[in-house]
Amino acid sequence: MTKQVKQLDRVVIRFAGDSGDGMQLTGDRFTSETATFGNDLSTLPNFPAEIRAPAGTLPGVSSFQLHFADHDILTPGDAPTVLVAMNPAALKANIRDLPRGAEIIVNTDEFSKRAMAKVGYPTSPLEDGSLDAYNVHAIPLTTLTVGALAEFEISKKDAERAKNMFALGLLSWLYHRPTEATVDFLRRKFAKLPVIAEANVAAFKAGWNFGETTDDFAVSYEVAPAKLPSGTYRNITGNLALSYGLVAAGQLADLPVYLGSYPITPASDILHELAKHKNFGVRTFQAEDEIAGIGAALGASFGGALGVTTTSGPGVALKSETIGLAVSLELPLLIVDVQRGGPSTGLPTKTEQSDLLQAMFGRNGEAPVPIVAPQTPSDCFAAAVEAARIALKYRTPVFLLSDGYLANGSEPWRLPETSELPDLRVAFATEPNQENADGTKEFWPYKRDPETLARPWAVPGTPGLEHRIGGIEKADGIGSISYDPANHDLMVRTRQAKVDGIAKDIDPLWVDDATGDAKVLVIGWGSTYGPIAAAVRRVRAAGGKVAQAHLRHLNPFPANTAEVLRSYDKVIVPEMNLGQLALLLRGRFLVDAMSYNQVRGLPFKSEELAHVIREVIESV
Amino acid sequence: MSESANGAGGFPSLALIPKADAKQSMKDFKSDQEVRWCPGCGDYAILAAVQGFLPELGLRKENVVWISGIGCSSRFPYYLNTYGMHSIHGRAPAIATGLATSREDLSVWVVTGDGDALSIGGNHLIHALRRNVNLKILLFNNRIYGLTKGQYSPTSETGKITKSTPMGSLDHPFNPLSVAIGAEASFVARSIDSDRKHLTSVLRAAAAHEGTALVEIYQNCNIFNDGAFEQLKDPAQRDDVTIRLEHGQPIRFGAEGQYGVIRGAHGALDVAEVAKVGEDAVLVHDAHADNPELAFALTRLGDLTSNTHTPIGVFRDIARPVYDRLMSAQMAEAATKQGPGDLASLIRGNDTWSID
């Protein structure tokens, strides 16, 4: 039977199942196949904080959404066009996100009365007509998998566990994905258990063959490779790109990287990744707590390393006092905050942008800290390099504000040429820098570079520059303890001026105003870039005029920020918080910025943002 | 590089630290800062002992770093002409760990107090001890909060009347050395601010130790807790309460050496007159015993807060792998196995595609 092949320009698939069903792995593999094929893509993993939540329950559902297309895309997609539901809970938890006409592939083996009752289905949704608006493929995935693996000498349980690979094989057939890499991957992953490896490969192939032979799927789909700028690409998550950015920063600065960290979701992957790269001179130290993590990083910075600490919001709260010390010591330090839902423990595995004000103000005293935020998963690399550049050049702690969506989401990344990366080298102090009236020379640890206002970085081991620093206010220049009122006023203002001065050393805020006569500006920061840009495209596609700007630097703001904001009648600030950037923009620039906010633990949907933008355009 | 006059710089623990070219004196380690402790404070004597001792190590002073937390004792680094950091309350061991584990060519010392180390910074202290990072921690114990003007500390005796405990404190105190041994410390010692010779000998042993050394120094706060260690200082009674521990020697004390430490019931130790129990019953001190039982029992001898039967000296000094050396070994192993890092190859990974 020859099946019909249809061309599509884009597809959004969501794999959903129990936390133990291997949905993240399935999604990762499909993503990898898709990347290899050359589509543009964007992913959104969504999983519970519990490692194995009770089986078959709504809170235990884990999902992975993938958007892929034959053109460049910006988001993981507002709504899936295909849902793979491995059990009733996965169906129930995700059905409300599906548009009418979407395809649903369900594993009927899991639709027992008991399993359905557990999630509140009084009757089977597969039979009661409640799914009539959708195109349902009811397939006994478990039975088919176990049947396909009858010849393998493995337990029934192990055979059943391969059902995710059967589903992956089926979807790979349905969308014409290349399969070799997945076969290789399975053999590598289960290298120590060759029987399990071959069983998984067999399940994967059985899924593919099932698609080809079953009458249930009359059509398969092709999504042509995307025409992206030329270059070498790989797929990458935000946490991995950020880790590579930190390794790169050390290489570009010719300094050892020292990561002091305490495990916390969703930042731990950075610690895991850096621990693999000791051959780059990267030291990782898993500390006894968040405070010790940053303390060790700061101690290493004092010794001449690029000190880094990685954490999430609750960890930043614990590190605040040490960040204040770093502000006072004026030593380079990177604080990576992979933001998650708060307050308190909040939503550990869900995304949010609600630590901006904590990064900006969450310390005692006047303690300015530069803030850099990546805007897409792959951009975490460049943002980490930029944060390190500022930290090293200006001898200051710097916040790098990623978030859970960037951390775990992935996209193709056009690899930079390492020769194009910036030179981050800075010079340590080697000589006394102050000549006294009597001709003697001494070292003044707080005598600043007049350009950058950075103080000298004199590391222990340098003869003649022995000095003591600390959290007590220091006298300008000489650096001794000083309680003098005028000196404190000067030092507070100087530390602020140093951070403010970075505005001269960063790119101006770029505005995408396609027609040049938009009256509405939408401005964001961090991971909302994709949804905002997609929304702007939608509005423009329908003839709407809107300008977009996105802030990489949140402290200081780019020098032209005021000018940009004042060039538009209306300024919209979408944020995954209750208006933190909007508060800063209003306070700093006296603009009547309108907040649009959601704190649902998920990225914005671009259609929702497009709707908001349209309404504002109409009101102007 | 030359060896120092007496060879202390030749300790294996200091092997990676550059040595001074010329003989040093106490003056080399004095900074130009005016010392601002209260007149009569025990810290002066400790500072003098440290400034007098450091030249003995013969290390380049730029390779010596003092890191402190917050409290009276934590002003210490300002008065030494080495590199130094006066950090934040309780965190000095964590900061020093980052420095020591990234710079093996430095001799890193931590100065802390009973509040700084055992209250707000208790977590960092125990973890530094268990890791055995190459740090020397001097814990000045005056059993009171001085810089905040006289509240009880985690080593104050129960019932202590202070500003924050007008009816007497309810807290049971920590025994710092019991805590340290419980935290797997590889070196534990105690000395007294006023006994410079003894203090110097303990500092020497700490410097020679490979790994974390905890030295508790009884320090008199003459403003808020004067006389806390009076029994150990008063010539009339000090010999009858002070037990000077020396490795390999019978544990005897008293003006005539008339008392000895013997085994008591249930693993505890007792004090007895040697004449009554016989010399063979007196325990011989073994600081190098891997089993911490004797060292721990010694920390429990007598009543801590009334200073009866107070052992001083090195309780425990065992060889255990040093964290920073282990870390360096892993770095070297990774470099050998993986080869020098290549950034372009790292970011490329194994799965790329090209678009023309």
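Quantities reported herein were computed from a predicted structural model and do not represent experimental measurements.

## Digging into the overall build of chain B
Line of reasoning, step 1. When helices and strands are counted, chain B shows 12 helices and 12 strands.
Line of reasoning, step 2. Each of the three principal axes of chain B carries a C-alpha extent, and together these read 90 × 45 × 45 Å.
Line of reasoning, step 3. With 356 residues in all, chain B has 57% of them scored as buried.
Line of reasoning, step 4. As displayed, chain B offers around 14,400 Å² of accessible surface, 52% of which is attributable to carbon and sulfur atoms.
Line of reasoning, step 5. Counting 33 positive and 40 negative side-chain charges, chain B places the averaged centre of each group 4 Å from the other.

## Brief notes about the pairing of strand E13 (residues 333–339) of chain A
Residues and elements named next belong to chain A.
Line of reasoning, step 1. The buried fraction of E13 amounts to seven of the seven residues, a majority that puts the element mostly inside the structure.
Line of reasoning, step 2. Of the two faces of E13, the one holding Leu333, Ile335, Asp337 and Gln339 and the one holding Leu334, Val336 and Val338 are both buried throughout.
Line of reasoning, step 3. Bridging between strand E12 (residues 306–311) and E13 involves four bridges; their strand directions are parallel. Considered in E13, the bridge of Thr310 is made with Val336.
Line of reasoning, step 4. With respect to chirality, the unit in which E12 leads through helix H12 (residues 313–329) into the neighbouring parallel E13 is right-handed.
Line of reasoning, step 5. Examined bridge by bridge, E13 and strand E15 (residues 397–403) share seven bridges and lie parallel to one another. Residue pairing across strands places Leu334 opposite Val398, the latter belonging to E15.

## Let's talk about the domain arrangement of chain A
Line of reasoning, step 1. In terms of domain boundaries, chain A breaks down into domain 1 (4–223), domain 2 (237–420), domain 3 (427–502) and domain 4 (511–619).
Line of reasoning, step 2. Put simply, the middle of domain 1 of chain A and the middle of domain 3 of chain A, counted by C-alpha atoms, are 61 Å apart.

## Some thoughts on the packing of aromatic side chains
The way to describe two aromatic rings as a pair is by their centre distance and the angle between their planes.
Residues and elements named next belong to chain A.
Line of reasoning, step 1. Under the counting rule described, the total for this entry stands at 22 aromatic pairs over all chains.
Line of reasoning, step 2. Ring geometry for Phe428 and Trp457: centres 4.9 Å apart, planes at 85°, overall edge-to-face. Of the two residues, Phe428 sits in the loop between strand E16 (410–414) and strand E17 (434–435) while Trp457 sits in the loop between strand E18 (441–442) and strand E19 (468–470), which places them 29 residues apart along the sequence.
Line of reasoning, step 3. Residue Phe428 is classed as partly exposed on the basis of its relative accessible area, which comes to 31%.
Line of reasoning, step 4. You can call Trp457 buried: its relative accessible area is 1%.
Line of reasoning, step 5. Its end group placed over the ring of Phe190, Lys189 keeps NZ or CZ at 5.6 Å from the ring centre.

## A few points about the interface of chain B and chain A
Line of reasoning, step 1. Across the contact, 58 residues belong to chain B and 68 residues belong to chain A.
Line of reasoning, step 2. At the boundary of chain B with chain A, total buried surface from both sides reaches about 5,300 Å², with 61% on carbon and sulfur atoms.
Line of reasoning, step 3. Among the residues of chain B in contact with chain A, Tyr83, Ile347 and Trp353 of chain B are the three that bury the most area, contributing 17% of the side total.
Line of reasoning, step 4. One salt bridge connects Glu466 of chain A with Lys61 of chain B, and the closest N-O pair in it is separated by 3.9 Å.
Line of reasoning, step 5. Where chain B packs against chain A, one counts 27 residue pairs in polar contact (both at pLDDT 80 or more).
Line of reasoning, step 6. Among the elements of the structure, strand E2 (83–86), helix H2 (92–102), helix H4 (122–131), helix H11 (323–338), helix H12 (343–348) and strand E12 (352–355) of chain B are those that each provide at least two residues to the side of chain B that touches chain A.
Line of reasoning, step 7. The dominant element in the side of chain B that touches chain A, judged by the number of residues it contributes, is H11 of chain B, at eight residues.
Line of reasoning, step 8. Grouping the constituent residues of the side of chain B that touches chain A by class yields 23 nonpolar, 24 polar and 11 charged.
Line of reasoning, step 9. Of the strand pairs in this sheet, E19 of chain A and E2 of chain B are connected by three bridges, and their pairing is parallel. Within E2 of chain B, the position partnered with Arg468 of chain A by the bridge is Gly84 of chain B.

## Digging into the UniProt feature "domain: Pyruvate/ketoisovalerate oxidoreductase catalytic" (unreviewed entry) in chain A
Line of reasoning, step 1. Within the UniProt annotation, "domain: Pyruvate/ketoisovalerate oxidoreductase catalytic" (unreviewed entry) is assigned to residues 20–207 of chain A.
Line of reasoning, step 2. Annotation note: span residues 20–207 of chain A, helix share 41%, strand share 16%, distance between end C-alpha atoms 20 Å.

## Some remarks on the sheet that holds strand E14 (residues 371–372) of chain A
Residue and element names in this part refer to chain A.
Line of reasoning, step 1. Pairing in this open sheet of seven strands is mixed, and the strands run E11-E10-E12-E13-E15-E14-E23 from one edge to the other. Only two strands of the sheet have a single neighbouring strand rather than two, namely strand E11 (282–286) and strand E23 (553–555).
Line of reasoning, step 2. As judged from the three bridges shared by strand E10 (residues 257–261) and E12, these two strands associate in the parallel manner. Looking at E12, one finds that Val257 is bridged to Leu306.
Line of reasoning, step 3. Packed on one face of the sheet, helix H11 (residues 290–302) meets E10, E11, E12 and E13 and runs near 165° to E12.

## Some points on helix H17 (residues 529–541) of chain A
Residue and element names in this part refer to chain A.
Line of reasoning, step 1. Here H17 is 13 residues long and its end C-alpha atoms lie 18 Å apart, about the 18 Å a rise of 1.5 Å per residue gives.
Line of reasoning, step 2. Looking at the buried side of H17, the elements it contacts are strand E21 (520–525), strand E22 (547–551), strand E24 (570–575) and helix H20 (606–619).
Line of reasoning, step 3. Downstream of H17 by one or two residues, Gly543 has phi in the positive range, about 95°.

## Some remarks on helix H14 (residues 379–394) of chain A
All names here are of chain A.
Line of reasoning, step 1. For H14, spanning 16 residues, the distance from its first C-alpha to its last is 22 Å, which sits close to the expected 22 Å at 1.5 Å a residue.
Line of reasoning, step 2. The element H14 is extensively covered by neighbouring structure, given that 14 of its 16 residues are classed as buried.
Line of reasoning, step 3. The positive-phi residue at the C-terminal boundary of H14 is Arg395, with phi of around 50°.

Scoring rules and cut-offs
- Residues numbered from 1 in each chain as written.
- Chains lettered and ligands numbered in written order.
- Predicted model: local features only at pLDDT ≥ 70, side-chain atom pairs only at ≥ 80, totals over all residues.
- Heavy atoms only, no water.
- Helix = DSSP H or I, 4+ residues; strand = E, 2+ residues; numbered from the N terminus.
- Buried < 20%, exposed > 50% of the residue type's maximum accessible area, 1.4 Å probe, protein only.
- Areas by Shrake-Rupley, 256 points an atom, 1.4 Å probe, with all protein chains shown as cover.
- Lys, Arg positive; Asp, Glu negative; His and termini not counted.
- Charge placed at Lys NZ, Arg CZ, Asp CG, Glu CD.
- Pairing = 2+ DSSP bridges.
- Right-handed = clockwise from strand over helix to strand, strands pointing away.
- Domains from an automatic or database assignment.
- Phe/Tyr/Trp six-rings, centres within 6.5 Å; stacked < 30°, edge-to-face > 60°.
- Lys NZ or Arg CZ within 6 Å of the ring centre and 35° of its normal.
- Contact = heavy atoms within 4.5 Å.
- Buried area = accessible area lost by both parts, 1.4 Å probe.
- Salt bridge = Lys/Arg side-chain N within 4 Å of Asp/Glu carboxyl O.
- Polar contact = N/O pair within 3.5 Å; in protein donor to acceptor, adjacent residues only side chain to side chain.
- Nonpolar A, V, L, I, M, F, W, Y, C, P; charged D, E, K, R; others polar.
- UniProt positions renumbered as here; feature names shortened; annotations may be inferred.
- Axes fitted to C-alpha atoms, helices over the stretch in contact; angles between N-to-C directions.
- Expected span 1.5 Å × (residues − 1).

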